[in-house]
Structure formats: structure tokens, C-alpha cells
Amino acid sequence: MLTLRNLFGAACLLSVSTVATATTIGFSQVGSESGWRTSFSESVRQEARNRDIDLKFADAQQKQENQIRAVRGFIAQRVDAIIIAPVVETGWTPVLREAKRASIPVVIVDRNVQVTDDSLYLTRIASNFVEEGRIVARWLMAETAGNCAIVELQGTVGATAAIERARGFNEVLAEHPQSKIIRSQTAEFTRSKGKEVMETFIRAEQGGRNICALWAHNDEMALGAIQAIKEAGLKPGQDILVVAVDGVPDYFKAMADGEANATVELNPHLGGPAFDAIAAYLAGNTAPPKRIDTTGELFLQDTAAAEYARRTAQ
Ligand code: GZL
């Protein structure tokens with residue numbers, strides 16, 4: 001006979017089993033070096049809350065050793081799955097093998113890992129960084145009739161986004177012999193380093209008068225460089241054209257103010273597709289596509305004010 005006592009006991013058992021089945025996922029994030037990165041992190045956290053996922057978030061402050069330590073910690077905690085946003089491409093094979101030996105699926109998001117055995121991760125969700133570089137370069141070559149002396153602020157050395165954006169940009173530049181990159185240096189994807197390096201470029205290039213355009217591998221570095229251009233008495237977006245990638249709100253504001261010219265949006269909402277791939281795997285679909293593409297589109301000054309309003313209203 002079903003008594004209230006039995007019913008209560010069954011309810012407790014069910015609630016414990018429900019709690020016990022909540023998915024636990026470890027997320028090793030690069031850091032918080034840019035506006036894009038922080039919006040990416042917030043998007044993943046929100047998506048985890050939406051799905052009742054117990055997210056273990058580890059910020060590596062842009063150091064790979066911190067990421068590897070965090071992933072080993074997730075393995076020791078026996079999480080259900082691991083998401084890695086790798087700061088650089090190399091050095092991942094040993095810890096990915098440890099995750100595989102522990103039968104814990106790993107999803108790579110954003111930048112890539114350089115491994116010979118792609119069974120070490122379930123899938124990679126990311127933009128096509130080479131295409132981002134091509135899109136920006138094509139716009140700049142059209143804007144300058146293929147005749148432009150360019151300074152380049154590179155992203156973090158060894159990061160896929162830096163390697164591949166440069167590859168795509170240079171591929172298009174090679175079609176325009178009147179254009180070339182006259183100075184290039186890493187500014188580590190940060191605003192402060194972007195300002196610092198651009199100041200040295202300006203000093204080295206006749207107070208900036210030799211420079212036709214700045215190509216920055218992300219908006220954050222470009223925003224720092226814009227400050228340096230203004231402090232040198234020049235007009236960013238006019239005296240020196242400014243092009244970048246990410247599509248962060250502050251950069252849309254700069255374009256709306258005429259201080260920057262173009263960017264390619266980088267989708268920060270990578271948590272949903274990552275959680276979907278993990279859920280499918282845990283439900284028995286062990287073969288999601290190896291690569292999920294999230295490449296964004298080009299944005300220019302003509303829509304910047306509306307885009308800024310839309311993105312800051314939310
Ligand atoms: C690219 C991503 C880059 C962003 C930067 O997908 O890895 O890292 O473009 C961030 O803003 O630092």
C-alpha cells in the first residue's frame with residue numbers, strides 16, 4: 001500500500017537521484033585579457049545556469065600551465081566533461097591523453113590545440129580565423145586601392161587566432177604589391193599593450209605620417225592604439241585607418257565616432273554548442289562533427305551606431 005511515509009521516502013530518493021544526475025563540466029578559460037573574452041566567459045556561465053549545469057570555471061590568467069593544472073583538477077574531480085579554450089596550440093597532448101584515459105570527453109572552443117590524434121577531443125567550436133583575416137584585408141585593399149603601408153598588432157604568440165588571422169590577411173595582401181606591413185609586433189590581445197606598441201610604431205614612422213592603416217588582431221589592441229594615435233595629434237579612422245576583429249561594443253562606439261573603420265564579429269556564444277555536443281555524447285551520440293564553425297560577418301561605420309545601441313541595450 002502506498003503510504004504518505006513511503007511517498008515522502010520515494011520523493012527524497014528521487015530528488016537525490018535528480019541532484020546526482022546534474023551534469024558537472026569543467027571549463028578551462030584563457031583569462032580575461034579582452035572585452036571579447038569576458039563576454040565569452042559570461043555567456044558560458046549564463047548558458048550553464050540556463051541548463052542547470054554545475055560549471056567549474058577556471059581562469060588561467062593567460063598561462064598554459066594554469067590551464068593544464070585546472071584540467072588535471074577536473075579529471076581528479078571526475079567531472080562529466082571538460083571544455084578547454086586553449087591559450088596556445090602546443091603542449092596539450094599529455095593532459096588530453098589523461099582525460100581520454102579517464103573516459104572524460106573534452107570539447108575545444110575558440111583557439112585550437114595542435115595534436116596528431118584528433119580522438120583526444122570530441123569537437124572544436126570556433127570561428128575561421130583565416131577567413132577573418134581575409135575579410136578585413138579585402139576591405140582595406142578596396143578602401144585604399146591596394147596601396148597602403150600597414151602596421152600590425154599581433155595577438156598572443158602561438159595562439160591560433162594570431163597565427164591564422166595573420167595568415168588570412170597576408171594571403172590577400174600578397175595580391176597587392178603596392179601594399180605591405182611595415183611594422184609588426186605582438187601586443188598580447190590587450191588594450192594597454194596595444195597603446196604601448198602603437199606609440200613605438202608612431203615614433204618610428206615619422207610621427208605616424210608614414211602609416212596608412214593599423215591592422216590589429218583584436219578590437220582591444222586597436223582601442224589602445226586609437227588612444228596612442230590621438231595623443232600623437234592624428235585622427236584615427238582618417239589619418240590612420242583602423243581595422244580589427246571581435247566586434248566588442250567599445251569598438252562599435254569607436255566606429256560610430258569615426259575613430260575606427262572595420263571589424264569582423266567574433267561570436268562569443270560558444271557555450272551552447274559546446275554543451276549541446278557534450279549532452280549528445282553523454283546520451284550516446286559519440287560522433288558529433290569534429291569542427292563547428294561560428295565565423296562572423298564584417299561591420300563598418302555605417303551600421304556602427306545602431307549596432308552599439310543594440311548591444312549595450314541588452
Ligand atoms: C579569438 C580569441 C581572441 C580574441 C581576443 O577567437 O582567441 O582571444 O580575438 C582574445 O579578443 O584575447
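Residues numbered from 1 in each chain as written. Predicted model: local features only at pLDDT ≥ 70, side-chain atom pairs only at ≥ 80, totals over all residues. Heavy atoms only, no water.

Visitor: I'd like a rundown of the domain arrangement of the protein, residues and numbers included.
Guide: Segmenting the protein into domains produces domain 1 (2–127 + 267–294) and domain 2 (129–266). The centre of domain 1, based on its C-alpha atoms, is set 33 Å off from the matching centre of domain 2. Taken together, the contacts link 15 residues of domain 1 with 18 residues of domain 2. Here domain 1 meets domain 2 over a buried area of about 1,300 Å², counting both sides, of which 52% is carbon and sulfur. Summed over the shared surface of domain 1 and domain 2, the number is zero salt bridges. At the surface where domain 1 touches domain 2, the tally comes to seven residue pairs in polar contact (both at pLDDT 80 or more). Counted by class, the side of domain 1 that touches domain 2 contains four nonpolar, six polar and five charged residues. (Domains from an automatic or database assignment. Contact = heavy atoms within 4.5 Å. Buried area = accessible area lost by both parts, 1.4 Å probe. Salt bridge = Lys/Arg side-chain N within 4 Å of Asp/Glu carboxyl O. Polar contact = N/O pair within 3.5 Å; in protein donor to acceptor, adjacent residues only side chain to side chain. Nonpolar A, V, L, I, M, F, W, Y, C, P; charged D, E, K, R; others polar.)

Visitor: Could you give an account of helix α10 (residues 271–282), naming the residues involved and the relevant values?
Guide: Between its first and last C-alpha, α10 extends 16 Å over twelve residues, near the 16 Å set by a 1.5 Å rise per residue. Every buried residue of α10 is listed here: Gly271, Gly272, Ala274, Phe275, Ala277 and Ile278. Residues of α10 that are buried in the fold lie against β1 (24–29), α2 (35–50), β2 (54–59), β3 (81–84), β4 (106–109) and β5 (123–126). Just beyond α10, the residue with positive phi is glycine 284, at close to 110°. (Helix = DSSP H or I, 4+ residues; strand = E, 2+ residues; numbered from the N terminus. Expected span 1.5 Å × (residues − 1). Buried < 20%, exposed > 50% of the residue type's maximum accessible area, 1.4 Å probe, protein only.)

Visitor: Describe unusual backbone geometry, listing the residues and the values that go with them.
Guide: For glutamine 61, which is not a glycine, the phi torsion comes out positive at approximately 45°. When you line up the elements, glutamine 61 lands in the loop between β2 and α3 (64–76). On the basis of relative accessibility, which here comes to 53%, the residue glutamine 61 falls in the exposed class. Its identity as a non-glycine residue notwithstanding, serine 103 has a phi of 55°, on the positive side. Assignment of secondary structure puts serine 103 in the loop between α4 (93–101) and β4.

Visitor: Just give me the short version of the pattern of salt bridges, but keep the residues and values in it.
Guide: Tallied over the full model, the rule gives 26 salt bridges. Arginine 37 is the salt-bridge partner of glutamate 33, the closest N and O atoms lying 2.7 Å from each other. Assessed through its relative accessible area of 10%, glutamate 33 is described here as buried. Shared partners join several salt bridges into a network, and the residues in it are Glu33, Arg37, Asp110 and Arg111.

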